[in-house]
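Inside the fold
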Amino acid sequence: MMETAKKKTRMRVLENRELAEGIYSLLAQYEKGQAPGEVRPGQFAGLFPPDPACMLMRPISICEWRRDLSALRFVYRAGGKGTRSLASLKRGDEFSMLGILGNGYDTGSMAGKDVLLMGGGIGIPPMLELAKALTSLPGTRVRALMGYRNEELFLFEDFQKVCEAYAATDDGSAGFSGTVTDAARALSLSADVICACGPMPMLRAVAGLAEEMDAECFISLEERMACGVGACLGCVAKTREVDGHSHVKNARVCTEGPVFRARDVEI
Amino acid sequence: MNRPDLSVNIAGVSFKNPVMTASGTFGSGMEYGQFVDLNRLGAVVTKGVSSVPWPGNPTPRVTEVTSGMLNAIGLQNPGVEVFVERDLAFLKQFDTRIIVNVCGRTEEEYLAVVERLADEPVDMLEINVSCPNVKEGAIAFGQKPEALYRITRRIKDIARQPVIMKLTPNVTDIAETARAAEAGGADALSMINTLTGMKIDVEKRTFVLANKTGGLSGPAIRPVAVRMVWQASQAVSIPIIGMGGIASAEDALEFILAGASAVAAGAMNFVNPYLTEEIADGIEAYLVRHGIGSVRDLIGAVR
């Protein structure tokens, strides 16, 4: 795969709005000539909060790559100081960004297959770019099953526009009542490949579901990061086999990940 | 005016400029080589290398604090054999000095790495007796002057390359620590390593780092580091490599004026991956602006 050089760039805010309580959608544009040649679904970028008291970037998954606008869309939860500061950005404001980071999903290997995308909470956004990429591959069936806390189904309409989409909610206020894995079983969904992003208990359940179905399973992990480029070894995931970098069993989420084959990591 | 002279000499090793990378923040240069030209650096100081692979600590390993960060990586590294075959081979392609940071749990483990590197293309060794994030070794050797003296002596007895002792700031009297390393035969000092810190998540009522404590780095520690470099430079006559929150050429110049012969950028590489080259350019511009012929004229020149 062609690797786009990583760089730190200035980004201009085209839009930053609240989609659901505490969940924001930020569309940010590259300066002329700075846009990357390729963005893979599942990759992420490091957004530097405009608050000068914040030092490190915040790793946020790419929700959409708008090549037509040379812009990236990020959907993130404003939880801590840094992301709340990002939420304060207005149209026309600028911020610094380190990107594009991480491996992303190998969509080519999923061409012609039956793929089930499962997202939970703030793990939902990267599944949208993945859905878009997969539906453009001939003969590929894509279904999205997204799990929410309540009826605030952020991004769900975007999924409905590109593929067959199902929602599940923890409180039963919309879609299926229960977890995404409950919903998948209730709907008797089967697939050749499952791609998932979400909280760790969900990922464990999804990995179990994939085994039941004898499906390949790829999961996108989250971890606290410092450098984002593989130098500091802050963000590691435990792996079943010895990793290629440190020759222990700790792979770098920012570099070997964030997307891993579920059976390759201890979750 | 001719271009100013940025070269410095530490323990008989010449460096094209005084800008280095702080151990643990720059890997072995591969990752940041896509942002900066490694040929432009005075030296690459590698991440700590042990005799066998070390897995490091559980996650979370890093967290941000105001103007700084805490880390408790725990010196994850592939061990000296993989380091020599892969990382050293990579670094040899560049016209920059190679300083290998050496870590261990026991004196014997340090000595094993030093011995293994004896005939390798390594310009200097930096001995990590100051990492606060591993249970055995490391900082335990750096906090007691007698232990520091002893391990320095033992390493000097077998090392083929000049030896830099990397000091911890987690001591009562940094001058005493510096003198112990010098007495043990150290050729130079690196300072400072991180300050031991802690962060608590009040909502969850838990430690943020799995290791509970971590090393504080970043601009938050810079004034402490500048002060300690100055104190140590008054106490010893061996050269000092200064580090601690350097984010610009101006910050680097503070360390040099305080008495450092060279400087290293660490955590701020994470914020500005172009930082090391910018510091080299900035020091040169400063020398031009002030009509100073050599950066060596600035070492310890604070009045």
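The structure displayed is predicted, hence computed values, not measured ones.

Things to note about the overall build of chain B
Broken down by element type, chain B carries nine helices and 16 strands. C-alpha atoms of chain B, sized along the principal axes, occupy 60 × 50 × 40 Å. Looking at chain B residue by residue over its 303 residues, the buried ones come to 59%. Taking the contacts inside chain B whose residues are at least 6 apart along the sequence as the reference set, 71% of them involve residues at least 24 apart.

What to know about the sheet that holds strand β11 (residues 176-177) of chain A
All names here are of chain A. Within the open sheet, the seven strands sit side by side as β11-β10-β9-β8-β12-β13-β16. Their pairing is mixed. For this open sheet the edge positions go to β11 and β16 (259-261), each flanked by a neighbour on one side alone. Across five bridges, the pairing between strand β8 (residues 114-120) and strand β12 (residues 193-197) is parallel. Across the sheet, the residue bridging to Leu117 is Cys195, located in β12. Sheet strands in contact with helix α5 (residues 200-213) are β8, β9 (141-148), β12 and β13 (216-220), and its direction is about 170° off that of β13.

Comments concerning the nonpolar core
In this structure, Val206 of chain A together with Leu125, Ile164, Leu189, Val229 and Val263 of chain B are the most contacted members of the largest nonpolar core, which totals 196 residues. Three or more residues apiece are contributed to this core by two domains, here domain 1 (7-101) and domain 2 (107-220) of chain A. Look past the residues within four positions of Leu125 of chain B in its chain and what remains in contact with it is Val100, Val102, Val114, Leu117, Ala159, Gln161, Val163 and Ile164 of chain B.

Things to note about the packing of helix α6 (residues 222-235) of chain B against helix α7 (residues 249-258) of chain B
Residues and elements named next belong to chain B. Running from amino to carboxyl end, α6 crosses α7 at an angle of 20°, the nearest separation of the two axes being 8 Å. Judged on the interaxial angle alone, α7 and α6 are roughly parallel. When the axes of α6 and α7 are compared, the crossing they make is right-handed. Taking contact as the criterion, the partners of Arg222, Val226, Val229, Trp230 and Ser233 in α6 are, on α7, Asp251, Glu254, Phe255 and Ala258. Residues of the contact of α6 with α7, tallied by class, amount to five nonpolar, one polar and three charged.

Topic: the domain arrangement of chain A
Residue and element names in this part refer to chain A. Per the domain assignment, the segments of chain A are domain 1 (7-101) and domain 2 (107-220). Between the C-alpha centres of domain 1 and domain 2 there is a distance of 24 Å. Of the residues lining the interface, 14 residues belong to domain 1; the matching set on domain 2 comes to 12 residues. Those elements giving two or more residues to the side of domain 1 that touches domain 2 turn out to be β1 (7-20), β5 (64-66) and β6 (71-77). When residues of the side of domain 1 that touches domain 2 are assigned to their parent elements, the largest contribution, three residues, is made by β6. Looking at side-chain class alone, the side of domain 1 that touches domain 2 contains nine nonpolar, two polar and three charged residues.

Observations regarding the sheet that holds strand β7 (residues 97-102) of chain B
Residues and elements named next belong to chain B. Ordered by their spatial adjacency, eight strands build an open sheet running β3-β16-β15-β10-β9-β8-β7-β4, and the pairing between neighbours is parallel. In this open sheet, the two edge strands, each paired with only one partner strand, are β3 (19-21) and β4 (43-45). Taken over all neighbouring pairs, the strand axes of this sheet differ in orientation by 25° on average, direction set aside. Examined bridge by bridge, strand β9 (residues 163-166) and strand β10 (residues 188-191) share three bridges and lie parallel to one another. Within the sheet, the bridge partner assigned to Ile164 lies in β10 and is Ala188. Running at roughly 165° to strand β15 (residues 240-243), α6 makes contact with β10 and β15 of the sheet.

Structural notes on the environment of Val80 of chain B
Residue and element names in this part refer to chain B. Tracing the backbone through its elements, the reader meets Val80 in helix α1 (residues 80-91). The class of Val80 is buried, set by 24 C-beta atoms lying within 10 Å. Separated by 129 residues in sequence, Val80 and Leu209 have C-alpha atoms that sit 28 Å apart. Not counting residues within four places of it along the chain, the set of residues in contact with Val80 comprises Val49, Ser51, Val113 and Arg116.

So, how was this worked out
Residues numbered from 1 in each chain as written. Chains lettered and ligands numbered in written order. Predicted model: local features only at pLDDT ≥ 70, side-chain atom pairs only at ≥ 80, totals over all residues. Helix = DSSP H or I, 4+ residues; strand = E, 2+ residues; numbered from the N terminus. Buried ≥ 20, exposed ≤ 12 C-beta atoms within 10 Å, placed from the backbone. Contact = placed C-beta atoms within 7 Å. Pairing = 2+ DSSP bridges. Axes fitted to C-alpha atoms, helices over the stretch in contact; angles between N-to-C directions. Core = buried A, V, L, I, M, F, W, Y, C linked by C-beta atoms within 7 Å. Domains from an automatic or database assignment. Parallel < 35°, antiparallel > 145°, perpendicular 65-115°, else oblique. Left-handed = near helix turned anticlockwise from the far one by under 90°. Nonpolar A, V, L, I, M, F, W, Y, C, P; charged D, E, K, R; others polar.

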